Amino acid sequence: MNVLVIAPHNDDEVLGVGGTIAKYASQGHHVTVCEVTSGDKSLWEMISVEAAAAHAVLGVEDFRCLHLPVVDMRNTITRELNGKFEELIRSVRPEIAFIPHKGDMHVDHQETAKAAMVALRPYSNPQLKAIYAYETLSETEWNIPSVENAFIPDTWNDISDFIQKKLDAMRCYKSQLSDFPNPRSIEAIEALAKLRGSTIGYKYAESFMTIRRKMEDLL
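Residues numbered from 1 in each chain as written. Predicted model: local features only at pLDDT ≥ 70, side-chain atom pairs only at ≥ 80, totals over all residues. Heavy atoms only, no water.

### As for the sheet that holds strand β6 (residues 155-158)
One key point about sheets: their strands pair by backbone hydrogen bonds, in either a parallel or an antiparallel sense. Taken in spatial order, the 7 strands line up as β3-β2-β1-β4-β5-β7-β6 in an open sheet, and their pairing is mixed. Edge strands, defined here as strands with exactly one partner in the open sheet, are β3 (62-69) and β6. The mean angle between the axes of side-by-side strands here comes to 25 degrees, regardless of whether they run parallel or antiparallel. With 5 bridges joining them, strand β4 (residues 96-100) and strand β5 (residues 130-134) adopt parallel strand pairing. Looking at β5, one finds that isoleucine 99 is bridged to alanine 133. Along the sheet, helix α1 (residues 12-26) makes contact with β1 (2-7), β2 (30-38), β4, β5, β6 and β7 (205-213), crossing β7 at roughly 90 degrees. (Pairing = 2+ DSSP bridges. Helix = DSSP H or I, 4+ residues; strand = E, 2+ residues; numbered from the N terminus. Axes fitted to C-alpha atoms, helices over the stretch in contact; angles between N-to-C directions. Contact = heavy atoms within 4.5 Å.)

### Quick word on the environment of aspartate 11
Along the chain, the position of aspartate 11 falls in the loop between β1 and α1. With 156 residues separating them in the primary sequence, aspartate 11 and leucine 167 have C-alpha atoms 11 Å apart. Not counting chain neighbours up to four residues away, the residues in contact with aspartate 11 comprise Glu35, Met170, Tyr173, Gln176 and Arg184. Side chain to side chain, aspartate 11 and arginine 184 meet in a polar contact 2.9 Å long. (Polar contact = N/O pair within 3.5 Å; in protein donor to acceptor, adjacent residues only side chain to side chain.)

Here is the structure:
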């Protein structure tokens, strides 16, 4: 099965889907991670090395980057923006796709979610079984509280056997980590996984909002 994780920035894929990525990879599924933005050359050179190390821990087979401008996606020509996402989807042909939550505070997360949904339209993707939105610490929980922005999970994935891989992958992103109580800390990441797990009776879990799922896959 082809699994695609679309991340606005490097490390979002680990924060939101790291345990699930490792679980899919351990089951023999093909996982592609696509980072949407990149910074200047020196920043990209550093963080791409961190990303490669993190993805090796998780078992990611295919890593791509669209190299769109950080914090400036909203000013990118719509045709160009959507075209990059559509090219990605045509190439990967995902059966399962994970995208950021549209209510996240960072504008890049919002634009990524919208452009991804354009490219993942069902008539262009008959192979697609499901689309899920993931939560990203320091983005999903920090936006202005509203019905529109709320992250309301309805799907939980048991990552109890993969929590250490998630944490070890995040440790590879040394440039992005901070000390607790910063949400981008190892302690906060583990605490959220414990909280999501306790909701459903697991030791550790990642939670998602279902955007679209074919009925036959529920039976």
